[in-house]
Amino acid sequence: MNLISKEVMHVGEMASGAALTVPVYRIKGKQQGPDVYIQANMHGAEVQGNAVIFQLLEQLKTIELNGSITLVPYANPVGCNHKNGEYTLGRFDPITGVNWNRMYHFDESIIEPFAKAHLTDSIVEIERAFKALMVEQISQKLNHNIYGITTGQRIAYQLQRLAHQADLVLDLHTGPISSKHLYCPDYARASAEYFDIPHVLFIPNGFDGALDEATFCPWWYLQLKFAELGRDFPITKTATNQGKDAVIKESFTVELGSQEQIDLDVAHEDALGILSYLQYQGVINSNDFHPKTMVRYSCMLEDYKALYSPMGGMVDYLAEFGQPLAAGEPLARILRMDNYGDGDPLHYISLEDDVIPILHFASASVNQGTELYKVFSKYSIL
Ligand SMILES: [Zn+2]
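Residues numbered from 1 in each chain as written. Predicted model: local features only at pLDDT ≥ 70, side-chain atom pairs only at ≥ 80, totals over all residues. Heavy atoms only, no water.

Our focus in this paragraph is the sheet that holds strand 17 (residues 355-360). Through backbone hydrogen bonds, the strands of a sheet pair up, either in parallel or in antiparallel fashion. Within the open sheet, the four strands sit side by side as 8-17-19-13. Their pairing is antiparallel. Only two strands of the sheet have a single partner each, and these edge strands are strand 8 (177-178) and strand 13 (304-308). (Pairing = 2+ DSSP bridges. Helix = DSSP H or I, 4+ residues; strand = E, 2+ residues; numbered from the N terminus.)

Structure (structure tokens):
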């Protein structure tokens, strides 16, 4: 039996003085191994990850562990409780309008001086020093900023401080109405096949404020800078290094399906997929977890296209998620009852490319210009 420790992290205060808190669960293995950080529910309506963390904890009680795993459900207590009528909002900070998952920190200017100063250090020394530098930067922003930080930054930075101490990071999200998909840094392609997720987006090295980027971009930039200076600095497990002589740093956004719902049975399946990846990375001492055989489709981030509604109306979403849809086949039809009798009440929406529909808008009523679907275009089989 592994011991699970629990701590309550204060991430802010409400106007009434009530503390904003998130629970932090930790399991520590007896052997050395990778440190893992998993969080869920940064966006208020995206709740399935909490159920996955429950199922992971249930499994991890009895699995022999190397390294450590830190799990944070309800990562954003403001977003989580942000309701309007029967719906959960919680995608944007209601005061600033900023997306809760765009408030993390990365300062590219630290890379070059660090790389030059540590060019001849051992991999272990570099790993320790760079991690300490990133944690120190976050602590500075949290504790020594005379002009203060926003509510969202305070939450994000505290989560990020935990994430920076890990080697492998999973940020559990969902789409609106969505199939499962995975955001994977391009350098970690080999790892994507260990998750039970049929749709994979490969993302380039660019920071836009999200947690996955905030944790892999620094290491990726560092790797590129070292390469420029003539030093090899692997950050992912490959067939040749098998994790030895490399600093394994991987970070993923895992999109678990649709918002506003949990399904504990599906969460159990989701947890098995994550355990398969953790086993591959040597976090757990087990041979029991293997990725499912499935067709996995991939797409570059730049080919992940949003389709905006050409008109207002009521949408009947037709396209099945996750399956290739031939050019010209309808994605949806839009009902316009105001045109009934003296116009055209039904409009079919299709595209001129073969695509794979991944997610669609959560409501049937849309304005002209609402993001109707997101689709893989120019996809390939992994
Ligand atoms: Zn999200």
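Frequently, the measure chosen for interface size is the accessible area that the parts lose on association. Parsing the protein chain into structural domains produces domain 1 (4-294) and domain 2 (303-377). On a C-alpha basis, the centres of domain 1 and domain 2 stand 33 Å from each other. Facing 11 residues of domain 1, the contacting portion of domain 2 comprises 10 residues. Roughly 850 Å² is buried in total at the junction of domain 1 and domain 2, and carbon and sulfur atoms are behind 74% of that figure. When residues of domain 1 are sorted by the area they lose upon contact with domain 2, Ile-177, His-199 and Leu-201 head the list and together hold 52% of the total. For the interface between domain 1 and domain 2, the tally reads zero salt bridges. (Domains from an automatic or database assignment. Contact = heavy atoms within 4.5 Å. Buried area = accessible area lost by both parts, 1.4 Å probe. Salt bridge = Lys/Arg side-chain N within 4 Å of Asp/Glu carboxyl O.)

Before going further, it helps to examine the environment of Leu-264. As for its position among the elements, Leu-264 is in helix 8 (residues 264-280). In this structure the C-alpha to C-alpha distance between Leu-264 and Tyr-194, which are 70 residues apart in sequence, comes to 21 Å. In contact with Leu-264, other than residues within four places in its own chain, are Ala-51, Phe-54 and Gln-55.

Our focus in this paragraph is the packing of helix 1 (residues 48-60) against helix 8. Two elements in contact, helix 1 and helix 8, have axes whose closest approach is 8 Å; the angle formed by their N-to-C orientations is 65°. Between helix 1 and helix 8 the crossing geometry is right-handed. Residues Gln-48, Ala-51, Val-52, Phe-54, Gln-55, Leu-56, Gln-59 and Leu-60 of helix 1 form the contact with helix 8, whose participating residues are Leu-264, Val-266, Ala-267, His-268, Asp-270, Ala-271, Leu-272, Ile-274 and Leu-275. Class assignment for the residues of the contact of helix 1 with helix 8 results in 12 nonpolar, four polar and one charged. (Axes fitted to C-alpha atoms, helices over the stretch in contact; angles between N-to-C directions. Left-handed = near helix turned anticlockwise from the far one by under 90°. Nonpolar A, V, L, I, M, F, W, Y, C, P; charged D, E, K, R; others polar.)

The subject of this paragraph is the coordination of the zinc ion. Every protein donor of the zinc ion is listed here as His-43 (ND1), Glu-46 (OE), Glu-46 (OE) and His-173 (ND1), and their distances to the metal cover 2.1 to 2.7 Å. What the four donor atoms of the zinc ion show is an angle range of 53 to 145° at the metal, which sorts the shape as irregular. Within one chain, the residues donating to the zinc ion are spaced in sequence as H-x2-E-x126-H. For the pair His-43 and Glu-46, a shared accessibility class is recorded, and that class is buried. (Donors = N, O, S within 2.8 Å, 3.2 Å for Na, K, Ca; no water. Tetrahedral: all angles 85-135°; square planar, octahedral: opposite > 155°, others 65-115°. Buried < 20%, exposed > 50% of the residue type's maximum accessible area, 1.4 Å probe, protein only.)

Burial analysis of strand 17 places six of its six residues in the buried class, which makes it a mostly covered element. Looking at chain direction, strand 8 and strand 17 are connected through two bridges and run antiparallel. Of the residues in strand 17, the one forming a bridge with Ile-177 is His-360. Relative to strand 19 (residues 371-377), strand 17 runs antiparallel, the two being bridged by five bridges. Bridging from a neighbouring strand, Pro-357 pairs with Val-375 of strand 19.

Turning to the sheet that holds strand 10 (residues 199-203), a few remarks are in order. Taken in spatial order, the 10 strands line up as 1-2-4-3-7-11-9-10-12-20 in an open sheet, and their pairing is mixed. Each having just a single partner strand, strand 1 (4-13) and strand 20 (380-381) make up the two edges of the open sheet. Where strand 3 (residues 31-40) and strand 7 (residues 168-175) come together, five bridges link them in parallel fashion. Residue pairing in the sheet places Val-36 in a bridge with Leu-168 of strand 7. Helix 1 contacts strand 1, strand 2 (19-28), strand 3, strand 4 (66-72), strand 7 and strand 11 (250-258) of the sheet and is inclined by roughly 155° relative to strand 3.

Time to look at helix 5 (residues 151-164). Across its 14 residues, helix 5 extends 20 Å between first and last C-alpha, which sits within 8% of the 20 Å expected from 1.5 Å per residue. Within helix 5, 10 of the 14 residues are buried, which leaves it mostly tucked inside the rest of the structure. Listed in full, the buried residues belonging to helix 5 are Gly-152, Ile-155, Ala-156, Tyr-157, Gln-158, Leu-159, Gln-160, Leu-162, Ala-163 and His-164. (Expected span 1.5 Å × (residues − 1).)

What follows concerns the side chain of Lys-374. Residue position: Lys-374 is located in strand 19. It turns out Lys-374 is buried and unbridged, and the closest side chain with the opposite charge, Glu-371, is 4.8 Å from it. Those residues in contact with Lys-374, other than ones at most four positions away along the chain, are Tyr-304, Lys-305, Ala-306, Ile-356, Pro-357, Ile-358 and Leu-359. (Lys, Arg positive; Asp, Glu negative; His and termini not counted.)

Centre distance and the angle of the planes are the two values used to describe a pair of aromatic rings. Scanning the entire structure with this criterion turns up 15 aromatic pairs. A centroid spacing of 4.9 Å and a plane angle of 55° characterise the contact between Phe-114 and Phe-130, whose relative ring orientation is tilted. Highlighted residues: Phe-114 in helix 3 (residues 111-117) and Phe-130 in helix 4 (residues 123-143), separated in sequence by 16 residues. Each of the two residues, Phe-114 as well as Phe-130, counts as buried. Members of the aromatic cluster, each reached through a chain of ring pairs, are Phe-106, Phe-207 and Tyr-221. The cationic tip of Arg-231 hangs over the ring face of Phe-226; the distance from NZ or CZ to the ring centre is 5.6 Å. Seen from the ring of Tyr-280, Lys-237 lies directly overhead, with NZ or CZ sitting 4.4 Å from the centre. (Phe/Tyr/Trp six-rings, centres within 6.5 Å; stacked < 30°, edge-to-face > 60°. Lys NZ or Arg CZ within 6 Å of the ring centre and 35° of its normal.)

Residue placement: His-10 occurs in strand 1. Measuring from C-alpha to C-alpha, the distance between His-10 and Ile-203 comes to 32 Å, with 193 residues separating the pair along the chain. Ignoring sequence-local partners within four residues, the contact set of His-10 consists of Ala-19, Leu-20, Thr-21 and Gln-158.

To continue, consider the nonpolar core. Residues Ile-38, Leu-56, Ile-69, Leu-172, Leu-182, Leu-222 and Phe-252 are the most contacted members of the largest nonpolar core, which totals 69 residues. Here this core gathers at least three residues from each of two domains, domain 1 (4-294) and domain 2 (303-377). Once residues lying within four places of it in the same chain are set aside, the contact partners of Ile-38 are Ile-53, Leu-56, Ile-69, Thr-70, Leu-71, Val-72, Leu-170, Leu-172 and Ile-274. Grouped together as the second largest cluster of nonpolar side chains are 26 residues, Met-9, Val-72, Ile-155 and Tyr-157 included. (Core = buried A, V, L, I, M, F, W, Y, C linked by side-chain atoms within 4.5 Å.)

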